[in-house]
Amino acid sequence: MGFPSDFREIVDAYGSIEINGQLYLKHPAAHLLHDLGTLIRMDLGLWREEDMAEFLPSPVGANPGELMPVATAATGEAVFLRVPDAPSSPWRVVVQEFDSPAWTLYEMTFSEWLLDYLKGRDVTLCSRDRAPEGPFWEFLPGG
């Protein structure tokens with residue numbers, strides 16, 4: 001399964017990072033502490049459980065219309081990329097609030113969603129309270 005080019009460009013440029021002490025992005029390449037491939041397989045198992053599947057708008061997986069978990073947040077949200085229905089269609093972002101059945105589909109690419117997050121716009125995750133001086137990032141341990 002391939003990732004959208006904008007997501008790959010971000011994680012290839014920065015690697016596995018924590019943004020604003022809240023959002024955890026992991027690089028797809030194998031790494032002992034934060035291998036996105038292994039984490040996705042574990043997350044797919046979690047989100048396929050009957051009591052968890054009801055919290056998402058569509059099934060998790062790599063097929064058209066399904067959701068691929070790609071990031072987590074210290075504040076309890078899970079970030080998914082929605083696999084396009086057709087190869088020419090854009091990927092979209094879904095954010096699920098882990099402590100509730102609420103989820104939001106963002107009709108934007110991952111890079112657009114991340115930019116809105118960094119600007120403090122409402123994309124389910126709130127960065128202003130975590131980064132009052134402006135966005136910051138750091139490598140995840142072992143990165």
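Preceding this section is the structure that the text describes.
All values derive from a computational prediction rather than experimental measurement.

S.K.: Kindly report on the overall build of the protein chain, identifying the contributing residues and their values.
M.R.: The secondary structure content of the protein chain amounts to four helices and seven strands. In the protein chain, the succession of helices and strands from N to C terminus is α-β-β-α-α-β-β-β-β-α-β. Split into buried and exposed, the 143 residues of the protein chain put 45% on the buried side. For the protein chain, the proportion of contacts with a sequence separation of at least 24, taken over those separated by at least 6, is 45%. Carbon and sulfur atoms form 54% of the exposed surface of the protein chain, whose accessible area is close to 7500 Å².

S.K.: Just give me the short version of helix H4 (residues 110–118), but keep the residues and values in it.
M.R.: Of the residues making up H4, those classed as buried are Phe110, Trp113, Leu114, Asp116 and Tyr117. Buried positions in H4, seen along its axis, are confined to an arc of 160° and lie on one side of it. Buried residues belonging to H4 abut helix H1 (5–14), strand S1 (17–19), strand S2 (23–25), strand S4 (77–82), strand S5 (92–97) and strand S6 (103–106). Positive backbone phi, at 85°, marks Gly120, one or two positions downstream of H4.

S.K.: Before we move on, could you go through the environment of Ile17 and cite the residues and values that matter?
M.R.: Mapped onto the fold, Ile17 is located in strand S1. Setting aside chain neighbours within four positions, we find Ile17 in contact with Leu23, Tyr24, Leu25, Trp137, Glu138, Phe139 and Leu140.

S.K.: Give me the lowdown on H1, citing residues and values where you can.
M.R.: Turning to H1, its buried residues are Asp6, Phe7, Ile10 and Val11. Projection of H1 onto a plane perpendicular to its axis shows the buried side chains occupying an angular sector of 125°, all on one side. Along H1, the residues that are exposed and aim more than 90 degrees away from the buried face are Ser5, Glu9 and Ala13. Following H1 by one or two positions, Gly15 has its phi on the positive side, about 80°.

S.K.: Describe the sheet that holds S2, listing the residues and the values that go with them.
M.R.: The strand order S6-S5-S4-S3-S2-S1-S7 describes an open sheet built from seven strands, whose pairing is antiparallel. Only two strands of the sheet have a single partner each, and these edge strands are S6 and strand S7 (137–139). Mean inter-strand twist for the sheet, computed between neighbouring axes without regard to direction, equals 30°. Sheet analysis places S2 next to strand S3 (residues 67–73), joined by three bridges and oriented antiparallel. The partner of Tyr24 across the bridge, within S3, is Thr72. Strands in contact with H4 are S1, S2, S4, S5 and S6; relative to S2, the strand with the most contacts, it is inclined by about 150°.

S.K.: Describe the pairing of S6, naming the residues involved and giving the relevant values.
M.R.: Bridge count for S5 against S6 is four bridges, and the pairing is antiparallel. Among the inter-strand pairings, Val93 is bridged to a residue of S6, identified as Tyr106. Between the end of S5 and the start of S6, which pair antiparallel, lie five residues.

S.K.: Now, about a nonpolar patch on the surface: what can you tell me, with residues and values included?
M.R.: Where nonpolar side chains cluster on the molecular surface, the patch consists of Tyr14, Trp137 and Phe139 and spans about 340 Å² of accessible area. Its place among the elements puts Phe139 in strand S7.

S.K.: If you had to explain the pairing of S4 to someone new, which residues and values would you point to?
M.R.: Burial analysis of S4 places five of its six residues in the buried class, which makes it a mostly covered element. With antiparallel pairing between neighbouring strands as the criterion, S3 and S4 make up a hairpin whose turn holds three residues, including Gly76 at a positive phi of roughly 100°. Relative to S5, S4 is paired through six bridges, and the arrangement is antiparallel. Within S5, the residue paired with Arg82 across the bridge is Arg92.

Calculation criteria
- Residues numbered from 1 in each chain as written.
- Predicted model: local features only at pLDDT ≥ 70, side-chain atom pairs only at ≥ 80, totals over all residues.
- Heavy atoms only, no water.
- Helix = DSSP H or I, 4+ residues; strand = E, 2+ residues; numbered from the N terminus.
- Buried < 20%, exposed > 50% of the residue type's maximum accessible area, 1.4 Å probe, protein only.
- Contact = heavy atoms within 4.5 Å.
- Areas by Shrake-Rupley, 256 points an atom, 1.4 Å probe, with all protein chains shown as cover.
- Arc of directions from axis to C-beta.
- Pairing = 2+ DSSP bridges.
- Axes fitted to C-alpha atoms, helices over the stretch in contact; angles between N-to-C directions.
- Patch = residues over 30% accessible without salt bridge, like charges linked within 9 Å, V, L, I, M, F, W, Y side chains within 5 Å.
- Salt bridge = Lys/Arg side-chain N within 4 Å of Asp/Glu carboxyl O.

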